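This is what each chain is made of:
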Amino acid sequence: MKRRLALFFVLTLNGFQLCQAQQIDSSLGLKDHFKNRFLIGVSVTPNSLKGESGALIIREFNTLTAENAMKPSLIHPEKDRYFWTDTDTIVAFAKRNNMKMRGHTLCWHRQTAEWFFKDDAGTQVGKEELLKRLKDHITNVVGRYKGSIYAWDVVNEAIDDNEKNDFRSSLWYEICGEEYIAKAFQYAHEADPKAKLFYNDYNTENPVKREKIFLMIKKLKEQGVPIHGVGLQGHWSNKWPSSEELTRTIEKFSLLGLDIQITEMDISVYGSKENMDENPGVFTAEREKDQVEKYRSFFEVFLKSNNKISSVTFWNVSDKHSWLDNFPVKNRKNFPLLFDAAFSRKKAYWEVAKLVN
Ligand code: GLA
């Protein structure tokens, strides 16, 4: 008897969900559902703009970020050589389809070619030379896309995860001290005074890291550095963070009058970084349920944040391929996005769309 009752309940619940989904106009995309709230974006490669994936991008999103093309090592692989082709392709696609575009990223400790930090003899350069190189890089990259890119992740991940240190010990920091951060913003502002300039980082919902980022940006603002926003990368999971911590982060940064954007959102279905979860590679019913709940609660927070969030960008298009298939555990398939491997909308998609329908 108990079993029958339970079955009936599940069927009814599913019927309810389907019916909710059907009330939503499926010819609309996420960008349409959220059009009066915030932009909806996705990170792309020239390849993901093609075929079925490209059609999905046009239907669902109104802002793009280059997944890799604009990272320093790709766009500026050698001192006197820039590689523009991939970024030009993405910028042209955005223009053709009336989309906005975010620039990612001008200054980062990873994916930056070695030449930046070394002279011709292979010796590490000094502060003056490194800042000159940073200025040339930013001036050329931002200058080329002036008017096409409305917002830039100027500095990415400068704060350390280790509670004992404030700044990440990178070559940028070792050679220039924290001053490279202010300089990067200043150079970007000079290259395009109209662009919105962001500091971008992950783990922004960790109270200790949040406080360190807050203090860094507060100091930059007090010094008159042109910084307009903070990017919460949003690499989250079924287990973390809580919506309370996310709310605290948004409230805290908005005290500084900053524009807040979610710049790299995905929700890993795993709890462990060490492949300790049972059934790795399987999108179990429980994982699906937890993920639906997480997506719903995060979007509720964005909607309740009173226009403090101006854009939500997903990191990768669909579960067919995402960087989380290889990170932090190699070859462990993940299912972090709102579209499945066949580009169909997942339950989490409808749950999110339902919030504004
Ligand atoms: C960081 C970077 C992104 C990307 C992701 C992983 O969040 O900001 O550019 O490299 O890691 O794909």
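Preceding this section is the structure that the text describes.
Rules and cut-offs
Residues numbered from 1 in each chain as written. Predicted model: local features only at pLDDT ≥ 70, side-chain atom pairs only at ≥ 80, totals over all residues. Heavy atoms only, no water. Disulfide = S-S within 2.5 Å. Buried < 20%, exposed > 50% of the residue type's maximum accessible area, 1.4 Å probe, protein only. Helix = DSSP H or I, 4+ residues; strand = E, 2+ residues; numbered from the N terminus. Pairing = 2+ DSSP bridges. Right-handed = clockwise from strand over helix to strand, strands pointing away. Polar contact = N/O pair within 3.5 Å; in protein donor to acceptor, adjacent residues only side chain to side chain. Contact = heavy atoms within 4.5 Å.

**Q** I keep staring at the state of the cysteines and nothing clicks. Help me out?
**A** Any covalent bond linking the sulfur atoms of two cysteines counts as a disulfide. One pass over the full model with this rule turns up zero disulfides. Unpaired in terms of disulfides, Cys 107 finds its nearest cysteine sulfur in Cys 176, a separation of 8.4 Å.

**Q** Even after reading the chapter, I still don't get the pairing of strand E2 (residues 63-66), so can you show me in this structure?
**A** In the case of a regular strand, side chains alternate between the two sheet surfaces. Residue alternation in E2 divides its side chains into two sets, Thr 63 and Thr 65 and Leu 64 and Ala 66, and both sets are buried. Bridge count for strand E1 (residues 39-44) against E2 is four bridges, and the pairing is parallel. When the sheet's bridge partners are listed, Val 44 is paired in E2 with Ala 66. Running through helix H3 (residues 51-60), the crossover from E1 to the neighbouring parallel element E2 is right-handed. In this structure, E2 lies alongside strand E3 (residues 100-108), joined through three bridges in parallel fashion. By the bridge assignment, Thr 63 is partnered in E3 with Lys 100.

**Q** Help me understand the side chain of Asn 200, please; the structure alone is not making it clear to me.
**A** Locating Asn 200 in the fold gives a position in strand E5 (residues 196-201). Under the relative-accessibility criterion, Asn 200 is labelled buried at 0%. One polar contact links Asn 200 to Glu 264, side chain to side chain, over a distance of 3.1 Å. Not counting residues up to four positions away in its chain, the partners in contact with Asn 200 are His 104, Asp 153, Val 155, Asn 156, Glu 157, Gly 231, Leu 232, Gln 233, Thr 263 and Glu 264.

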